[in-house]
Amino acid sequence: MPNNVPNLYRWGVFTRLANRLDSLDRMLEALDELMKFSDAEDRQIRRYGRKIITLTEIANATLSWQVGVSLIMFCRENHVQHKSAYYKLLLLIKCRRSAFPADLDDRIDELLARVECMVVLRTRGIDPRTQLGIKELIIK
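What this report covers is the structure whose coordinates are included nearby. In this text the structure is predicted, and so the values were computed from the model without any measurement.

A few points about the overall build of the protein
Inference 1: Looking only at helices and strands, one finds five helices and zero strands in the protein.
Inference 2: Ordered by position in the sequence, the α and β elements of the protein form the string α-α-α-α-α.
Inference 3: Split into buried and exposed, the 140 residues of the protein put 44% on the buried side.
Inference 4: For the protein, the share of sequence-separated contacts (at least 6 apart) that also reach a separation of at least 24 residues comes to 67%.

Some points on the nonpolar core
Inference 1: Residues Leu8, Leu21, Leu31, Phe37, Leu55, Tyr86 and Phe100 are the most contacted members of the largest nonpolar core, which totals 36 residues.
Inference 2: At eight residues, the largest contribution of residues to this core is made by helix α4 (residues 80-95).
Inference 3: Residues contacting Phe100, with those up to four places away along its chain left out, are Ile45, Gly49, Ile52, Ile53, Ile93 and Ile108.

Quick notes on the packing of aromatic side chains
Inference 1: In this structure the tally under the stated criterion is four aromatic pairs.
Inference 2: Aromatic pair Tyr9 and Tyr48: ring centres 5.5 Å apart, planes at 35°, arrangement tilted. Highlighted residues: Tyr9 in the segment before α1 (11-21) and Tyr48 in helix α3 (residues 42-66), separated in sequence by 39 residues.
Inference 3: Look at Tyr48 and you get buried, because its relative accessible area is 0%.
Inference 4: Between Trp11 and Phe14 the ring centres are 6.1 Å apart and the planes differ by 35°, which places this aromatic pair in the tilted class. Taken together, the residues Trp11 and Phe14, both in helix α1 and three residues apart, mark about one turn of the helix.
Inference 5: Owing to a relative accessible area of 11%, Phe14 belongs among the buried residues under this scheme.
Inference 6: Here the basic side chain of Lys51 rests over the ring of Phe14, its NZ or CZ set 4.6 Å away from the ring centre.

With respect to helix α2 (residues 24-34)
Inference 1: Buried within α2 we find Leu24, Met27, Ala30, Leu31 and Leu34. Around the axis of α2, the buried residues are gathered within 100° of arc, so they sit on the same side. Exposed residues pointing more than 90 degrees away from the buried face of α2 are listed as Asp25 and Asp32.
Inference 2: Residues of α2 that are buried make contact with α1, α3 and α4.

Section: helix α5 (residues 105-112)
Inference 1: Among the residues making up α5, those that are buried are Ile108, Leu111 and Leu112. Projected onto a plane normal to the axis of α5, the buried residues spread over an arc of 90° and lie on a single side. Turned more than 90 degrees off the buried face of α5, the exposed positions are Asp106 and Glu110.

Details of the packing of α2 against α3
Inference 1: At a closest axis distance of 11 Å, the pairing of α2 and α3 adopts a crossing angle of 150°. When the axis of α2 is compared with that of α3, the two are roughly antiparallel. Crossing of α2 against α3: the hand is left-handed. Counting all contacts with α2, which are made through Leu24, Met27, Leu31 and Leu34, the residues of α3 involved are Leu55, Ala59, Thr62, Leu63 and Gln66.
Inference 2: A class-by-class count of the residues in the contact of α2 with α3 yields seven nonpolar, two polar and no charged.

Section: the side chain of Thr62
Inference 1: The residue Thr62 is located in helix α3 in this model.
Inference 2: According to the relative accessible area criterion, Thr62 is buried, its value standing at 4%.

How each quantity is defined
- Within each chain, residues carry numbers counting from 1 in the order of the written sequence.
- Thresholds applied to this predicted model are a pLDDT of at least 70 for local features of residues and 80 or more for the giving and counting of side-chain atom pairs; totals over whole chains, interfaces and linings are not thresholded and use all residues.
- The basis for the side-chain values is all heavy atoms of the structure; hydrogens and waters are excluded.
- Secondary structure elements follow DSSP: runs of H or I no shorter than four residues count as helices, runs of E no shorter than two count as strands, and numbering proceeds from the N terminus.
- Each residue's exposure class comes from its accessible area (1.4 Å probe, protein chains only) as a fraction of the maximum for that residue type: buried when under 20%, exposed when over 50%, partly exposed otherwise.
- Contacts between residues were defined by any pair of non-hydrogen atoms, one from each residue, lying within 4.5 Å.
- We define the nonpolar core as a collection of buried residues of types Ala, Val, Leu, Ile, Met, Phe, Trp, Tyr and Cys that are connected through side-chain atoms lying within 4.5 Å of one another.
- Stacked, edge-to-face and tilted labels apply to pairs of Phe, Tyr and Trp rings (six-membered ring for Trp) whose centres lie within 6.5 Å, assigned for plane angles under 30 degrees, over 60, and everything in between, in that order.
- Placement of a charge over a ring requires the Lys NZ or Arg CZ to be within 6 Å of the ring centre, with the centre-to-atom vector within 35 degrees of the ring normal.
- Think of it as the arc spanned by the lines of direction from the helix axis to the C-beta atoms.
- Working convention: axes come from line fits to C-alpha atoms, limited for helices to the stretch in contact. Angles between N-to-C directions cover 0 to 180 degrees.
- By definition in this entry, angles of less than 35 degrees are roughly parallel, angles greater than 145 are roughly antiparallel, angles of 65 to 115 are roughly perpendicular, and the rest are oblique.
- Left-handed describes a crossing in which the near helix is turned anticlockwise from the far one by less than a right angle; the clockwise case is right-handed.
- Think of it as three bins: nonpolar holds Ala, Val, Leu, Ile, Met, Phe, Trp, Tyr, Cys and Pro, charged holds Asp, Glu, Lys and Arg, and polar takes everything else, Gly as well.

Distances and angles like these do not, on their own, reveal function.
Here it is in structure tokens:
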């Protein structure tokens, strides 16, 4: 692969990433690995699209269970990195959406519903989105 993207069709690569995403202790390195797809060609996204979405869903389940992935709520300081990395992956999927196979649209819609939420609940006048440090998520 020209862009150093992980070969998700190798069973060991996919299962290793899935196992890392299933644990907060190893999640960040797995999310960093998936972010390599930001430089991937469209054909690579199409080829690995189903697996990328499956791995994102695993990260979503882990964060929902252990941290809470709501964009409109603050999380504890020790979980900010996980939540931020996860939302960066969602933004990657949103930006590259046209490269994903069309049959994944419903699954992508479900994942992106969190990013496209326009509700802003402020705590002490502060938007929780600012905690993540991702300017694309902040609603003005």
